[in-house]
Each structure stands twice: as C-alpha cells, then as structure tokens.
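Architecture and fold: a report
So the chains spell out like this:
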Amino acid sequence: MLFGEAVERVTGNLTKVGVVRCGRREKITTMEKTGFAIAIMAAGKGTRLKSKRPKVLHEIGGQALLRHVIAAARTVVPADRIYCIVGHEADRVKAAVAPTGVKFVMQEEQRGTGHALQMVKAYFAISGDALPEHLLVLSGDVPLIRPETIAAICELHLAERAAMTILTAVPQDPTGYGRVLRVREGGAEVTAIVEQKSLAPDQLSSPEINSGIYCFETKELFARLDSLSTNNAHGEYYLTDVAAMMVADGLRVVAVKAESVDEVLGANTIAEMMHLDAAMRLATARRLMAQGVTIFRPETCVIDAQVEVGADTVIEPYVQLLGATKIGVESRVRSYSVVQNSTLGDGVLVRNGCVLDGALVSDLAVLGPYAHLRPESRIGEGAHVGNFVETKKVTMGKGSKANHLNYLGDAVIGAGVNIGAGAITCNYDGVHKHLTTIGDGVFVGSDSTLVAPVTLGDGSYVAAGSCITEDVPAGSLALGRSRQVTKPGWAAKRRTAMEAKKNS
Ligand code: UD1
Ligand code: CA
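All of the points below concern the structure found in this document. This one's a predicted model, so the numbers in the text were calculated from it and none came from an experiment. (Residues numbered from 1 in each chain as written. Chains lettered and ligands numbered in written order. Predicted model: local features only at pLDDT ≥ 70, side-chain atom pairs only at ≥ 80, totals over all residues. Heavy atoms only, no water.)

Brief notes about the site of ligand 1
The full set close to ligand 1 counts 24 residues, and G44, Q107, T113, E195 and N210 are the nearest of them. Note that an oxygen atom of ligand 1 is positioned 2.8 Å from one of the backbone N or O atoms of G44. Residue D141 places a side-chain N or O atom 3.2 Å away from an oxygen atom belonging to ligand 1. Compared with its free state, where it exposes 750 Å², ligand 1 has 90% of that area covered by protein. (Near = heavy atom within 4 Å. Polar contact = N/O pair within 3.5 Å; in protein donor to acceptor, adjacent residues only side chain to side chain. Areas by Shrake-Rupley, 256 points an atom, 1.4 Å probe, with all protein chains shown as cover.)

Side note on the coordination of the calcium ion (ligand 2)
When four donors bind a metal tetrahedrally, each ideal donor-metal-donor angle is 109.5 degrees, and when six bind octahedrally, the ideal angles are 90 or 180 degrees. Looking at the calcium ion (ligand 2), one finds its protein donor set to be D141 (OD) and N268 (OD1), positioned 2.3 to 2.7 Å from the metal centre. Linking D141 in the loop between β8 (134-139) and α5 (147-160) with N268 in the loop between β13 (253-257) and α8 (270-290), this pair joins segments that are 127 residues apart in sequence. (Donors = N, O, S within 2.8 Å, 3.2 Å for Na, K, Ca; no water. Helix = DSSP H or I, 4+ residues; strand = E, 2+ residues; numbered from the N terminus.)

Here we look at the pattern of salt bridges
Scanning all chains against the criterion turns up 18 salt bridges. Two residues, R182 and E208, come together in a salt bridge whose shortest N-O distance is 2.5 Å. Of the two residues, R182 sits in strand β10 (residues 179-182) while E208 sits in the loop between β11 (190-194) and β12 (209-217), which places them 26 residues apart along the sequence. Residue R182 is classed as partly exposed on the basis of its relative accessible area, which comes to 22%. Linking E308 and R287 is a salt bridge whose minimum nitrogen-to-oxygen distance equals 3.7 Å. A residue pair is termed long-range when its members are at least 10 positions apart, and E308 in strand β16 (residues 308-309) and R287 in helix α8 qualify at 21 residues. Judged by its relative accessible area of 36%, E308 falls in the partly exposed class. When salt bridges that share partners are traced, they join E160, E189 and R252 into one network. (Salt bridge = Lys/Arg side-chain N within 4 Å of Asp/Glu carboxyl O. Buried < 20%, exposed > 50% of the residue type's maximum accessible area, 1.4 Å probe, protein only.)

Looking at the sheet that holds strand β26 (residues 366-367)
Reading across the sheet, the eleven strands line up as β14-β17-β20-β23-β26-β29-β31-β33-β36-β39-β41 and stay open at both edges, with parallel pairing between neighbours. Since the sheet does not close on itself, it has two edges, and those belong to β14 (294-295) and β41 (477-478), each with one partner. The sheet contact formed by strand β23 (residues 349-350) and β26 spans two bridges and is parallel. Residue pairing in the sheet places L349 in a bridge with V366 of β26. (Pairing = 2+ DSSP bridges.)

Regarding unusual backbone geometry
For the peptide bond that leads from G368 to P369, omega is 5°, which places it in the cis range. Turning to its location among the elements, P369 is positioned in the loop between β26 and β27 (372-373). A452 connects to P453 through a cis peptide bond whose omega is 0°. Mapping P453 onto the fold places it in the loop between β37 (449-451) and β38 (454-456). Phi angles above zero are rare outside glycine, and K393 is one such case at about 50°. Mapping K393 onto the fold places it in strand β30 (residues 390-396).

Focus: the pairing of β12
The two faces of the sheet receive side chains in turn, since in a regular strand these alternate between them. Here β12 lies mainly inside the structure; nine of its nine residues are buried. Both β8 and β12 contribute to a ladder of four bridges, which runs antiparallel. In the sheet register, V137 faces β12, and the bridge partner there is Y214. Taken together, the five bridges between strand β9 (residues 164-169) and β12 define a ladder with antiparallel strand orientation.

Examining the side chain of T165
By the secondary structure assignment, T165 is in strand β9. Within the local environment of T165, its side chain forms a polar contact with the side chain of H157, the two groups lying 2.7 Å apart. Non-local contacts of T165, meaning those with residues more than four positions away in its chain, are made with I153, L156, H157, I213, Y214, C215, V254 and V256. (Contact = heavy atoms within 4.5 Å.)

Right, dumping it as structure tokens:
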C-alpha cells in the first residue's frame, strides 16, 4: 500500500504530512507532522495466562509481545512519540523495552483499558509533552499487527474525519472479544462496541470483533474519559464505551477490517500465544522462502523474526535459527542444529546437531556433526570444526582443521593448522583464563594438552600425546611425553604365568 499517496489523496493537504520523494513514489517517513502519537496498553496482568511473567513479556517469534508492538509503532512515529502504559510488574516491563527509547505512563492499579487512557491524559497534563492531534491506541497483547495495517487505519481515520476509528476482524470464532456493531452492513459507521459479557442474545452471533486497536481525535477522547463508568460485568473502565458516547454526541465513529484475521488476534492464554508464535514463524519462513531460501518442512523449524538468510541456502527439518542470526547464500544447515545470534558466511555447511551461540563462521567452513561453537568463536574461511569439538573465544584461521573431539578455548589459531583428534587447550588455572597462540601451519598431534599461556610458533610440530607447558619456537618439534619402552615377549610370559597360577 502506498501510504504516502493515500494520505495525500485523503488529506489533500501536503503541508500537513511529512513526505519524501523516493523515485516516482512519495513515501511517508514520519507521521509526526500529521500530529500522531501512539499509546500502547501494556499494564495488564494477563490473569488468564496463569504465569508469573507479565503477559506483554511473553515471547512469540523469539521476542516479547510488547517488542513486536513497539517495532510496528516505530514505523509510524519516532520512539519519543510512543507512550507505553505500564503497571503490573512495571519495572520488569520497562527494563525489557527501555532500549527502544519509548516513554512510559504509569498505571499503578489496572482498572481497565479506559482507566489506562485516563493515565495517558493525566501524563500529558503534567509532562508538558505537546498534545497530539490524533492518538493511535495499540494493545500490548495484539502483537502481529503490521505497519501497513496501522497505516491503513490512520489513513481511514483522516479520510473519514472520524473522532474514533476502530480496527476490526471477522475470525472463525469471535467468542471472548468485544463486538463492533455497524449502523448498517457495508457502511463504515459504527454504533457501539459491546463486550462479550454484555452482548444481548440477538448480538451473540455478531461476527465482527474489536481488535483493541483504535485511532482517536485526542481531544474528543480525552473529553469523554472522565465520564466512563465501571457499571459492567468486569467492574472496569472500558475504553470501548467511548464509541457509543461519541456516537451519542453526533461524532463520527467508523471501523475498518484488517486484511488478515491473524494479525489482530489477541493472546490471552498460552495456547493462543503459541498459535500466534506458529503464525509468526510461518510468516518468517515464508518471507525467507520468497527470498530464495529452501526450508524443508518449515513447520518443524523454529526461526525468529529478525533472522536473515541468503538465497540458495538450504534449511533442513528441525532446525532452530534464533535471535540476530544471519546466514549467507548457498549454505546448508542440517537437521537438529540450533544457531543463535551467529553470523554464517556463504557456502557454509553446518552438519547435523550443531549448537552455535554468538559465533562468526566464514565462507565455506564446515561444522559438525555435533560441534559446539560458543560465544566469540571466529571460524576462518574453509576451516573445519568437526565432531564433538567445542570452541569458545577462539579465532581459527583460513583452512585450519579441528576435526575430532577437541576443546579449544581462549586461543588464536593461525591458518592451515591441523589440530589432532582429542587435543585440547588448558585455558583455565582455576582462577584466570589464559591464551593459547598457535601460528600458521602448525601441526598439533592427537591427544595433546596445551597448557596456557603458551605459544606454538609458525610451522611447528607437537608430537602426539604431548603436554605442552613451554613455548615452541617456529619450525621446531616439541615432545612433551615420556619415551616409549617396549619389552619384547613380556605379554606372552605374563599370560603363561597367569595360566599356571589359575591351574595350581
Ligand atoms: C479488549 C477489548 C475488547 C477487544 C479485545 C481485543 C476492552 C474493554 N475490551 O478486551 O473489546 O475485543 O481487547 O484483544 O477494552 N490493559 C492495561 N490496563 C488495564 C487493563 C488492560 O494497560 O487496566 C492492557 C492489557 O495489558 C492489554 C490490553 O490493555 O495489553 C487489553 O486488555 P485485556 O484485559 O486483555 O482486554 P480484553 O479482555 O482482551
Ligand atoms: Ca486481550
């Protein structure tokens, strides 16, 4: 949707809107100049979740509900025009979203959605923040709302010159939601919003639900908040009652249907939350597939919303891609791997069952099966980190290999290095961590222990089974083990002696 064009069309007054030329299109970069602010209701406890965690901090798609809503709001106005209404576990909620730069409005006692907006009104009265002409109200527990939809509701609100514009939907089962009653079918005008428990018998079948997302003329809203009453089934101040009050005063209240039902579904129970989670992850998988990524059995994969994957990369079933993970083109992540906050280059192969957290993997590297790359593992181009190898805070140069059963922690490893099976760095003395430095082209024999701090010079060799406690100069061989003693015939003699003892 071309929001910029639409606003231009509906307002006919470009001085009111912030537009920027980009190609032949005109696009709104900010609605600040149109006088919009956004209030997000996030103070409720979420009793129906039966959880200690505040509802808006429950996660779907790997992010708190409220984070999703703030992200959508941020596409419309800058963070300092977003007012988050917090109350239940306010400190926890604030701490979780403070980095976004939004403002907070305190609602100590949660006496309903109408009461939440009363707090916003009070905040504007004392804060000195300029009163916005239009106030968009979002619900912290309706997280799939898309920026396009927020734009559409603002557009309609301006076009209709409405006092209140309500975003609605028609889900399969409307039970539990407030219902939006229109003046006549097909018309934009609304008579009232009726909560589930207040529905008259003939209204029970009305299918159009209130999403909990609205656009208001701020002055008209604020003028009516003090007249709300708690004379209803929940004994709360219902924001939804404002609709009928405005209609009674001859103001225009209109509704617009969301394009997809899913994006306005609320999350009142864990089951509903997981339904949204599945919807969001499927949407993420679809986005990636549309960009040329192959995802086998996407319904089995857990992919967070911000994950980026390049074209021609293949994701096998039961893979998790979490957090800020980025994967380049033509890579492959095999089944049962969990990749979190990691960056993988092009043509990388992650074999089955790998666990990556905070790792940086260069092009053409091969990992696993069952490799564990912990934070600050930097794997060089074409390097191999094989079965049951654990790395932590390691830089591994181009083409180096640690293929079997290694622990490599706090190490700088050059290019073309071969770390033999079972070799490990001893990086911890019980108090401090120490560095192991391994030069280019070093060969570390199997089952060696490198006791840090220690340096192996370029091209040096470490004999298998060595315990290396001293630096090894470039080009030398280090043997840190006792010499082999072989006793010919010893085993046969012992066997004979044992047999004789047994028979005596
Ligand atoms: C609300 C609407 C209902 C709509 C539904 C959509 C009312 C009265 N009803 O019902 O018509 O169909 O949303 O999801 O508004 N909150 C506060 N302070 C409070 C109470 C709630 O900030 O005192 C916040 C909650 O944290 C939540 C949002 O407002 O994010 C909605 O509250 P909730 O109690 O979930 O309302 P619903 O019963 O879902
Ligand atoms: Ca709700």
